Amino acid sequence: MNIWLASALALMVGGLGPALWIGARGEPIDRLVGLDLAAALCTLCLLLLAQGFGQSSYLIAPLVLAMLSFAGTLVFTRLLGRGV
């Protein structure tokens, strides 16, 4: 196991738990923040895994996830602004 894979494991274990907890509890705005945090951490974990395995083809998934999570945040923010 190299440092890239160890870093990805540390982020998954230590970072995703609180992000998912925030995303499951609280007000809708708090849940949106938890969702954004989880998406950012997943993107970073996937980038670290791609570097750790040395496969440049694995970089497609985190790049797509980053774009989709940004678009999803905009959609959820618009829905929350309407009071739905």
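Residues numbered from 1 in each chain as written. Predicted model: local features only at pLDDT ≥ 70, side-chain atom pairs only at ≥ 80, totals over all residues. Heavy atoms only, no water.

Peer 1: Before we move on, can you summarise the packing of helix α1 (residues 3-14) against helix α2 (residues 16-24) with the specific residues and values?
Peer 2: Here α1 crosses α2 at 30°, and the two axes come no closer than 4 Å. Classed by the angle they form, the pair α1 and α2 counts as roughly parallel. From α1, Leu11, Met12, Val13 and Gly14 reach across to α2, where they touch Leu16, Gly17 and Pro18. Counted by class, the contact of α1 with α2 contains five nonpolar, two polar and no charged residues. (Axes fitted to C-alpha atoms, helices over the stretch in contact; angles between N-to-C directions. Helix = DSSP H or I, 4+ residues; strand = E, 2+ residues; numbered from the N terminus. Parallel < 35°, antiparallel > 145°, perpendicular 65-115°, else oblique. Contact = heavy atoms within 4.5 Å. Nonpolar A, V, L, I, M, F, W, Y, C, P; charged D, E, K, R; others polar.)

Peer 1: Help me get a handle on the packing of helix α3 (residues 28-53) against helix α4 (residues 60-82), residues and values and all.
Peer 2: In contact at an axis separation of 9 Å, α3 and α4 are set at 175° when each is read in the N-to-C sense. As summarised for this structure, α3 and α4 are arranged roughly antiparallel, according to the angle between their axes. Residue-level inspection shows Pro28, Ile29, Leu32, Leu35, Asp36, Ala39, Cys42, Thr43, Leu46 and Leu47 of α3 in contact with α4, the latter providing Pro62, Leu65, Ala66, Ser69, Thr73, Phe76, Thr77 and Leu80. Of the residues that constitute the contact of α3 with α4, the class distribution is 13 nonpolar, four polar and one charged.

Peer 1: I'd like a description of the packing of aromatic side chains, backed by residues and values.
Peer 2: A full pass over the atoms with the stated rule returns one aromatic pair. Both rings, one in Phe53 and one in Tyr58, keep their centres 6.5 Å apart while their planes meet at 90°; by these two values the pair is edge-to-face. Residue classification places Tyr58 among the partly exposed positions, given a relative accessible area of 43%. (Phe/Tyr/Trp six-rings, centres within 6.5 Å; stacked < 30°, edge-to-face > 60°. Buried < 20%, exposed > 50% of the residue type's maximum accessible area, 1.4 Å probe, protein only.)

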